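# Coordinates in review
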Amino acid sequence: MESLSVSIIGSGVWGRAFGHAIAAPHCSVIFYDYQFTKAEQAATVAYTAAATDITDAILNAQLIIVAVSSVAFSQTLQQLTTATVPIIWLTKGFATGDKPLYTVAAEILGAQAHYGVISGPSFASEVESGLPAALSLATNFAADAEWIRQQLHRRHLRLYQQDDLIGVCIGGAVKNIIAIAAGISDGFALGENARAALISRGLAEMTALSQALGGRPDTLLGLCGVGDLALTCCSDLSRNRQLGLAIAAGKQTAAATGVTCEGAAAAAAVVACATAHQLELPIVAAVAAVLAQRITPAAAVENLLTRPLR
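Quantities reported herein were computed from a predicted structural model and do not represent experimental measurements. (Residues numbered from 1 in each chain as written. Predicted model: local features only at pLDDT ≥ 70, side-chain atom pairs only at ≥ 80, totals over all residues. Heavy atoms only, no water.)

With that settled, consider the packing of aromatic side chains. The description of an aromatic ring pair rests on the distance of the ring centres and on the angle between the ring planes. Within the structure shown, the criterion is met by three aromatic pairs. Measuring from ring centre to ring centre gives 5.3 Å for Phe 73 and Trp 89, while their planes differ by 80°; the resulting arrangement is edge-to-face. With Phe 73 in helix H4 (residues 73-78) and Trp 89 in strand E5 (residues 87-89), the pair connects residues that are 16 residues apart, well separated along the chain. This pair shows no difference in class: Phe 73 is buried, exactly as Trp 89 is. Ring centres of Trp 89 and Tyr 115 lie 6.0 Å apart, and the angle between their planes is 25°; this geometry places the pair in the stacked category. Here Trp 89 is found in strand E5, whereas its partner Tyr 115 is found in strand E6 (residues 115-119), with 26 residues between them in sequence. Accessibility expressed as a relative area gives 7% for Tyr 115, which makes it buried. An aromatic cluster of three or more residues is present, and its members are Phe 73, Trp 89 and Tyr 115. (Phe/Tyr/Trp six-rings, centres within 6.5 Å; stacked < 30°, edge-to-face > 60°. Helix = DSSP H or I, 4+ residues; strand = E, 2+ residues; numbered from the N terminus. Buried < 20%, exposed > 50% of the residue type's maximum accessible area, 1.4 Å probe, protein only.)

Below you can see the structure in the form of structure tokens.
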């Protein structure tokens, strides 16, 4: 296998974990973060290094991986407009307004730029520990996906190529919002049946939005849909589920958990996007209303339970 130089922009827990998972004799990883101490702390395993400047970080890179929060996504891409190599993001969410990340990438990088997403069921702590994980990879140029899959495939990290960039992005964004709802449900001790219903109906909302934007429904029956949704809704390692539990306990803000929760950042944007496409997403809308403190969690649950049959 040819030697590969990868630049990872963003050295938080997920960027660090992914970098450690792919670092190998044939794959060197350079970490960059606007907080240099994070990049230094990430570059602690073999075949990794840290850069103090983003220009230096991407200078000789053959692949750039963006691992920042959705809030920082647009600003980060603005610094990568001169890149001529594929840019792949690990971010799951929406950017400002009602824009999915693939739309933001096209606007900032240009339609002819090479970009894509890696998404799926993956807790950073397990990936960094070398435990097995399987993820979806989708790009706007199919040849890039095949090349990246071959380069980054590891025994403990399997990448499955998808040709539906829209579906993979929407799955990664919406599942976090549904996980907040699942956390609220579990916090109120509504039972396993209720959580299963939320997962099932959440998948329906996710699929409806993806289709409205041009994605394929079958995409979300795989890793980046059902797989990621089930993991995020059911595990106590899930930040978004933990936020839901905290809300049910009377703590109304995302800051209650002390960590970044992409579902909280995406909820209002997903509602705006759905409204623009004349879609009704009851669970997503309920979570967005609770986060904005327009309604209490208990009232949101009651509204969902008493919705008219259709």
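On we go from here.
A few words now on the sheet that holds strand E3 (residues 48-51). Overall, mixed pairing links the eight strands, which are arranged E3-E2-E1-E4-E5-E6-E7-E8 in an open sheet. Where the open sheet ends on each side, the last strands, each with one partner, are E3 and strand E8 (157-162). The mean inter-strand angle of the sheet, taken between neighbouring strand axes irrespective of direction, is 25°. Alignment of strand E1 (residues 4-9) against strand E4 (residues 63-66), held across four bridges, turns out to be parallel. The residue bridging Val 6 from the neighbouring strand is Leu 63, located in E4. Where helix H7 (residues 142-152) meets the sheet, it contacts E1, E4, E5, E6, strand E7 (133-139) and E8, and its direction lies at approximately 170° from that of E8. (Pairing = 2+ DSSP bridges. Axes fitted to C-alpha atoms, helices over the stretch in contact; angles between N-to-C directions. Contact = heavy atoms within 4.5 Å.)

Bringing the pairing of E6 into the picture now. Within E6, five of the five residues are buried, which leaves the element mostly enclosed by the surrounding structure. Sheet topology places E6 next to E7; four bridges connect them, and they run antiparallel. Paired with Ile 118 across the two strands is Leu 137, which belongs to E7.

Let's shift gears to the environment of Glu 302. Note on placement: Glu 302 falls in helix H14 (residues 297-305). A relative accessible area of 43% means that Glu 302 is categorised as partly exposed. Residues Glu 302 and Ile 58 lie 244 residues apart in sequence; the distance between their C-alpha atoms is 51 Å.

What follows covers the packing of helix H8 (residues 165-187) against helix H9 (residues 192-213). H9 packs onto H8 with a crossing angle of 155° between their chain directions and a minimal axis gap of 9 Å. The orientation of H8 relative to H9 falls into the category roughly antiparallel. In the crossing of H8 with H9, the sense of the turn from one axis to the other is right-handed. Residues Ile 166, Gly 167, Ile 170, Gly 171, Val 174, Lys 175, Ile 178, Ala 181, Ala 182, Ser 185 and Asp 186 of H8 form the contact with H9, whose own contacting residues are Ala 194, Arg 195, Leu 198, Gly 202, Met 206, Leu 209, Ser 210 and Leu 213. A per-class count over the contact of H8 with H9 returns 11 nonpolar, five polar and three charged. (Parallel < 35°, antiparallel > 145°, perpendicular 65-115°, else oblique. Left-handed = near helix turned anticlockwise from the far one by under 90°. Nonpolar A, V, L, I, M, F, W, Y, C, P; charged D, E, K, R; others polar.)

Considering all chains together, one arrives at 12 salt bridges under this definition. When the shortest N-O distance is used, the salt bridge between Arg 149 and Glu 146 registers 3.0 Å. Of this pair, Arg 149 and Glu 146 both sit in helix H7, three residues apart, which is roughly one turn of that helix. Classification of Glu 146 by relative accessible area gives partly exposed; the value is 30%. Note that Arg 241 is salt-bridged to Asp 186, the shortest N-O span being 2.2 Å. Of this pair, Arg 241 sits in helix H11 (residues 239-248) while Asp 186 sits in helix H8; the two residues are 55 residues apart in sequence, bridging distant segments of the chain. A single burial state applies to Arg 241 and to Asp 186, both of which are buried. If you follow the salt bridges from partner to partner, you end up with Asp 186, Glu 192, Arg 195, Asp 236 and Arg 241 in one network. (Salt bridge = Lys/Arg side-chain N within 4 Å of Asp/Glu carboxyl O.)

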